[in-house]
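# A look at the structure
Each chain is listed here by its residues.
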Amino acid sequence: MKCKKCGGKASVNMRQHKLALCKEHYLEWMPEQTERFIKKYEMFTHYEKILVAVSGGKDSLGLWDILVRLGYKADGLYLGLGIDEGIGYSRESHRLAEKFANAHGLKLHVVDIEKEYGQPIPVLADKSHRGYGKPCAVCGLAKRHEMNRIARDLGYDVLATGHNLDDEAAVLFGNTLSWANEFLLRQGPVLPATEGLARKVKPLCRFYEREMTAYCLARGIEYIYEECPFAEGSQSIYYKELLNKLETDRPGAKLTFYLRFLEARKSGNLFIEKNVAQEHLHPCPKCGQPTSAPDLCSFCRMIEKVNSITAS
Ligand code: Q46
Ligand code: ZN
Ligand code: ZN
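Small disclaimer: the values here were computed from a predicted structure and weren't measured. (Residues numbered from 1 in each chain as written. Chains lettered and ligands numbered in written order. Predicted model: local features only at pLDDT ≥ 70, side-chain atom pairs only at ≥ 80, totals over all residues. Heavy atoms only, no water.)

A few words now on the side chain of Lys58. As for its position among the elements, Lys58 is in helix α2 (residues 58–69). Look past the residues within four positions of Lys58 in its chain and what remains in contact with it is Glu209, Met212, Thr213, Cys216 and Tyr223. (Helix = DSSP H or I, 4+ residues; strand = E, 2+ residues; numbered from the N terminus. Contact = heavy atoms within 4.5 Å.)

Moving on, we get to the pattern of salt bridges. Note on pairing: side chains with opposite charge can pair once their charged atoms come close. Under the defined criterion, the tally for this structure stands at 16 salt bridges. Notably, a salt bridge pairs Arg149 with Glu116, separated by 3.8 Å at the nearest N-O pair. In this pair, Arg149 is assigned in helix α6 (residues 136–153) and Glu116 in helix α4 (residues 113–117), connecting sequence segments 33 residues apart. Taking relative accessible area as the criterion, Glu116 reaches 43% and is therefore assigned partly exposed. Linking Asp166 and Lys254 is a salt bridge whose minimum nitrogen-to-oxygen distance equals 2.7 Å. Highlighted residues: Asp166 in helix α7 (residues 165–177) and Lys254 in helix α11 (residues 253–266), separated in sequence by 88 residues. Here Asp166 falls in the buried class, since its relative accessible area comes to 7%. Residues participating in the shared-partner salt-bridge network are Glu92, Arg95, Lys99 and Glu222. (Salt bridge = Lys/Arg side-chain N within 4 Å of Asp/Glu carboxyl O. Buried < 20%, exposed > 50% of the residue type's maximum accessible area, 1.4 Å probe, protein only.)

Lining the immediate environment of ligand 1, one finds Ile83, Cys136, Cys139, Lys143, Cys228, Phe230 and Ala231. Residues that form the shell around ligand 1 fall into these classes: six nonpolar, no polar and one charged. (Near = heavy atom within 4 Å. Nonpolar A, V, L, I, M, F, W, Y, C, P; charged D, E, K, R; others polar.)

Quick look at unusual backbone geometry now. Phi angles above zero are rare outside glycine, and Glu85 is one such case at about 50°. Tracing the backbone shows Glu85 in the loop between β4 (73–80) and α3 (89–104). Overall, the relative accessible area of 48% leaves Glu85 in the partly exposed class. For Trp179, which is not glycine, the phi torsion reads 40° and is therefore positive.

Turning our eyes to something else, we now look at α3. Residues separated by three or four positions in an α-helix point in the same direction, a consequence of the helix having 3.6 residues per turn. Along its 16 residues, α3 runs 23 Å from first to last C-alpha, staying within 8% of the 22 Å computed at 1.5 Å per residue. Taken residue by residue, α3 has Tyr89, Ser90, Ser93, Leu96, Ala97, Phe100 and Ala101 as its buried positions. All buried residues of α3 lie within an arc of 135° about the axis, which places them on one face of the element. The outward face of α3, more than 90 degrees from its buried face, is lined by the exposed residues Arg91, Asn102 and Ala103. Two residues or fewer past α3, Gly105 is found with a positive phi of approximately 60°. (Expected span 1.5 Å × (residues − 1). Arc of directions from axis to C-beta.)

Moving on: the sheet that holds strand β8 (residues 199–201). In spatial order, the strands read β5-β4-β3-β6-β8-β7; together these six strands make up an open sheet with mixed pairing. With one partner strand each, in any of the chains shown, β5 (108–112) and β7 (190–191) form the two edges of the open sheet. Sheet topology places strand β3 (residues 49–53) next to strand β6 (residues 158–160); three bridges connect them, and they run parallel. Counted as the bridge partner of Leu51 is Leu159 from β6. Against the sheet, α6 engages β3, β4, β5, β6 and β8, with an angle of about 140° to β4. (Pairing = 2+ DSSP bridges. Axes fitted to C-alpha atoms, helices over the stretch in contact; angles between N-to-C directions.)

Right, let's talk about the packing of aromatic side chains for a bit. Here the structure, examined in full by the defined rule, presents nine aromatic pairs. Summarising the aromatic geometry, the rings of Trp29 and Phe207 are spaced 6.1 Å apart at their centres and angled 70° between planes, so their arrangement reads as edge-to-face. Here the residue Trp29 occupies a position in helix α1 (residues 23–40), and Phe207 occupies one in the loop between β8 and α9 (209–219), the gap between them amounting to 178 residues. A relative accessible area of 8% means that Trp29 is categorised as buried. When its relative accessible area of 1% is taken as the criterion, Phe207 is described as buried. Linked through ring pairs, Tyr26, Trp29, Phe37 and Phe207 together constitute an aromatic cluster. The ring of Tyr156 has Lys49 lying over it, and the distance from NZ or CZ to the ring centre is 4.5 Å. (Phe/Tyr/Trp six-rings, centres within 6.5 Å; stacked < 30°, edge-to-face > 60°. Lys NZ or Arg CZ within 6 Å of the ring centre and 35° of its normal.)

None of this, on its own, says anything about what the molecule does.
This is the structure:
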């Protein structure tokens with residue numbers, strides 16, 4: 001496989017884009033694409049202050065790295081959730097977030113949930129009896145609350161998260177299965193600011209998870225490989241597996257699923273019943289069925305064509 005730009009040996013092959021690139025050109029391509037999406041979806045400008053939610057994983061660190069390389073004013077926010085589960089998950093992810101920030105001379109705000117609210121996430125979840133034995137509901141709630149609080153208190157214009165295409169397609173899939181229209185109407189690369197809440201953006205929403213992995217490896221970014229131990233067996237992981245099976249047979253299916261959704265949502269017609277342009281229909285002169293074709297309907301035209309060929 002050869003790099004499409006220089007003809008050298010390709011190190012990343014993206015079947016979904018029919019594009020293979022060498023390491024050097026891949027490292028140019030990622031920020032270029034990100035910049036294109038930032039502009040296309042009007043996420044933010046170079047004059048705005050960005051707060052990146054950093055978890056120590058490949059997506060958020062990769063995002064921070066890309067934004068800084070593009071010259072954006074982006075600080076990080078790490079939330080200490082107090083999750084240990086025998087692998088010191090929070091401690092290790094915090095270490096890697098700090099390491100990245102120090103190596104690049106970047107500002108990282110750290111909020112420790114236990115210091116701030118008296119208990120780590122698993123205990124808060126236990127004591128509040130929310131979320132059926134899993135801390136994720138409380139964790140999600142706390143993360144949203146704290147990200148919004150820090151963004152507002154410290155005067156950031158935008159909050160950027162590292163959600164990638166796999167994340168977004170899985171959420172979309174889940175919301176579609178249950179036709180959660182309220183959620184569907186809000187899902188997208190940008191959630192505009194509302195009273196007291198900063199704008200939220202997802203600059204990586206069109207990148208596959210494996211593209212982010214490849215980026216971090218190529219950039220030498222050290223990130224936490226382990227998922228949060230509580231993620232195991234979650235619905236979103238199950239949906240990701242299903243979508244990956246689909247993607248294996250039909251490269252690009254995930255991206256198409258997400259992009260077509262964005263188009264439908266943007267057109268404003270996602271949940272509006274449309275009268276399929278009734279006014280343009282007239283009965284076919286031959287069979288009488290309604291058609292929008294100027295003369296015969298498509299079926300009668302097809303039969304006529306076949307007949308004329310067979311007759312000649
Ligand atoms: S919600 Fe649940 Fe995540 Fe919080 S407890 Fe871990 S898995 S980190 S995205
Ligand atoms: Zn190349
Ligand atoms: Zn409140």
